[in-house]
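# Observations on the three-dimensional arrangement
Listed below, chain by chain, are the residues.
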Amino acid sequence: MEKCVERFPNSGRYWRQYIDLELRHRNFEKVEKLFQRCLLKVLNIDLWKAYLNYVKETKGLLPSYREKMAQAYDFALDKMGMDIMSYQIWADYIGFLKSVEAVGSYAENQRITAVRKIYQRGCVNPMVAIDQLWKDYTVYENSINPLIAKKMIDDRSRDYMNARRVSKEYEAVTRGLSRNLPSVPPTGSPEEVKQVELWKKYIAWEKSNPMRTEDHAAVTKRVMFAYEQCLLCLGHHPDIWYEAALYLEQSSRLLIEKGDTNAGKLFSDEAASMYERAISTMLKSNTLLYFAYADFEEGRMKYQKVHQIYQKFLDLNDADPTLAYVQYLKFARRAEGIKSARAIFKKAREDSRSRYQIFVAAALMEYYCSKDKNIAFKIFELGLKRYGDTPEFILAYIDHLSHLNEDNNTRVLFERVLTSGGLKNENSIEIWNKFLAFETVVGDLSSILKVEKRRNTIIEKLNQLEGKETALLVDRYMFMDLFPCTSSELKAIGYQELARKNVFSSGTSSSAGAFPNSAIYDEDAEAKSRPEYPKPDLNQMIPFKPKVMPPVGSHPVPGGVFPPPAAAAQLLNNMPPPQSFQGPFVVVDELIEKLLACDLPKVAGAGAGDDVNGKSALHEEYTKLFEFFANTGALPQPEGRKRKLGPGGTPLADGGESDDDDALAAPPANDIYRSRQQKRVR
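Residues numbered from 1 in each chain as written. Predicted model: local features only at pLDDT ≥ 70, side-chain atom pairs only at ≥ 80, totals over all residues. Heavy atoms only, no water.

## Some details on the nonpolar core
Grouped together as the largest cluster of nonpolar side chains are 147 residues, with contacts concentrated most on F96, Y202, L329 and I431. Listed in part, the 6 residues of the second largest apolar core include A471, M478, F483 and L490. (Core = buried A, V, L, I, M, F, W, Y, C linked by side-chain atoms within 4.5 Å. Buried < 20%, exposed > 50% of the residue type's maximum accessible area, 1.4 Å probe, protein only.)

## Quick notes on the pattern of salt bridges
A complete count under the given rule lists 29 salt bridges for this structure. Salt-bridge contacts for D155 lead to K151; the nearest nitrogen and oxygen are separated by 3.2 Å. Taken together, the residues span about one helical turn, with D155 and K151 both in helix α9 (residues 146–173) at a distance of 4 residues. Among the residues examined, D155 registers a relative accessible area of 46% and is labelled partly exposed. On the accessibility criterion, K151 (55% relative accessible area) is exposed. One salt bridge connects K265 with D269, and the closest N-O pair in it is separated by 3.3 Å. Residue K265 and its partner D269 are both found in helix α13 (residues 261–280); the two are separated by 4 residues, about one turn of the helix. (Salt bridge = Lys/Arg side-chain N within 4 Å of Asp/Glu carboxyl O. Helix = DSSP H or I, 4+ residues; strand = E, 2+ residues; numbered from the N terminus.)

## Some thoughts on unusual backbone geometry
Residues other than glycine seldom take positive phi values, yet A129 does so here, at roughly 70°. With respect to the element layout, A129 can be found in the loop between α7 (105–123) and α8 (130–144). At M301, a position not held by glycine, the phi torsion is positive, near 65°. Take M301: it is sitting in the loop between α14 (287–299) and α15 (303–314). We classify M301 as exposed; its relative accessible area is 57%.

## A word on the packing of aromatic side chains
As enumerated under the stated definition, the model contains 36 aromatic pairs in all. Ring geometry for W134 versus Y137: centroids 5.7 Å apart, planes at 50°, classification tilted. With W134 and Y137 both in helix α8 and 3 residues apart, this pair spans about one turn of that helix. Overall, W134 belongs to the buried group, its relative accessible area being 11%. Judged by centre distance (6.1 Å) and plane angle (50°), the rings of W199 and Y202 are tilted. (Phe/Tyr/Trp six-rings, centres within 6.5 Å; stacked < 30°, edge-to-face > 60°.)

## Concerning the environment of A471
Inspection of the secondary structure puts A471 in helix α24 (residues 469–472). Judged by its relative accessible area of 0%, A471 falls in the buried class. Placed 19 residues apart in sequence, A471 and L490 show a C-alpha to C-alpha distance of 7.5 Å.

## Description of the side chain of T322
Locating T322 in the fold gives a position in helix α16 (residues 322–336). At a separation of 3.0 Å, a polar atom in the side chain of T322 contacts the side chain of D320. Aside from chain neighbours lying at most four places away, what touches T322 is R353, S354, R355, Q357 and I358. (Polar contact = N/O pair within 3.5 Å; in protein donor to acceptor, adjacent residues only side chain to side chain. Contact = heavy atoms within 4.5 Å.)

So this is what it looks like as structure tokens:
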């Protein structure tokens, strides 16, 4: 378990398992040491409940048990009272105070005051089950003194309603948070991204001041509690640490502006403590937090502390100190002057881990800050002796000379580095491209042709030309992102292929890295212009879930039930359910047999004419056909309704209901329509 808590130092679940293990073996001394190690750093509600239970079980026989237990409860409420699940701690504390024996009226009044104080603190604190705590408080006040109970309750009612409202929002905004997840380095998984989004949403909600209080210190305390809860799960995310420290710094400035100097200084010290915790626990090698911490202390004019921060990072064996030396150099120049910065540069040169960037930074600092180009030139020359085989350093040196407008010195530097033999052919291409670009700006045509010929010789040695001599001509005439050929022509002559092979690298403006949107890479545009081929509709994919009994009306397939098309699904939703249709139900087989046996007229209009009743002959034929089907039983009647039989036992054509039956039928007892008609007649 020791290795587990060392690997996950802010996981309350593992600390509690470790403590429970020691409690089972009754190693109380070890348990107290574990609580001292984790309790203040890990604000986990279950861990703090375990701490209170430990004090209750192990200190019960001591004479000072009541004082120690009360101190433990006060300590727990001060640290965890704002947790949404802290109701049990509040309730246990109140129960403990009620159980204390009080001898005499003075002691009784002291106990009542203590209980009332905890009740009043808890009833205005947003949490789950705050309603139950409020009910208990009203009952308690009425049991003490009904005369003053109403006034005491009314005084707290408004704050309680506000806390109750915030409790519901609190519960909604924290829904979905996994508080017991161990803190691991960022993986970018969908689950992790979702948790980060939920935590930041919760923190933003706390920053919005949902309690609507004017006490900025109280708002800051709640926000920092949210950050502490977040860091238990996202302790390896540097942005959470930085945002927490930045919020403390902003709160400190705001309080100082309002005149609350003590609280402002307290929050400023807490911000420094937040940075210190970050670089001392999980993010020991995170360069960003070291630099942010150093800038924070520099803003507080604590330069000695800044030196300690940079030195702490430089003492790490597995870290690249180059960037730290560069930032250290800038700080020393800002705070202590150019001499202090030169001392840092000397220290960086002696460090074998530092790279060429420290020489570039020191040379440019001397040129821009001390206005001495000779010192900058000496630093570049010193770096050239060590990094003569590094094209990046050489290019930085060349850029510096070109900015000084010293053409001869720049040309001499090109010749020195290209003829010294220190650069490999594949590394010298960038220098040759830069040389060609330089000559196209300041040289004449003969010098351009000479440099171009020498560059082509190097490219031929690398076997990358492959008959693309015309492509090399583009660099002579291009400027920035302007090319002498169209994108299709560049592709045809092989320019794009050579650019992908880094034949045209960052030494010229034609590089793919310098101009990713230029004519070199128009493959994305070409891909968009290509015709789009048919693709399967992935929305119609279903999981493989075979069903033994598919629902009625579905379309079963071997892998499960295939959903109907969108149009069919919409039609089914608009149609009434099958239960709403009560008949008549057609016997399909008999209907088809009758239709086959019928002799229908072949011509629709044959014999058409008007009879005495004004009906067409065709309509009369259809009516007779329907009556025939009805009489023969092809159309069964709904259940519960019997057809009347006529003479000879044959069913009536009109369904067994005659006009006489309608005439003999008595009107309803309460016929509203008839009663209204009679009133009008009167």
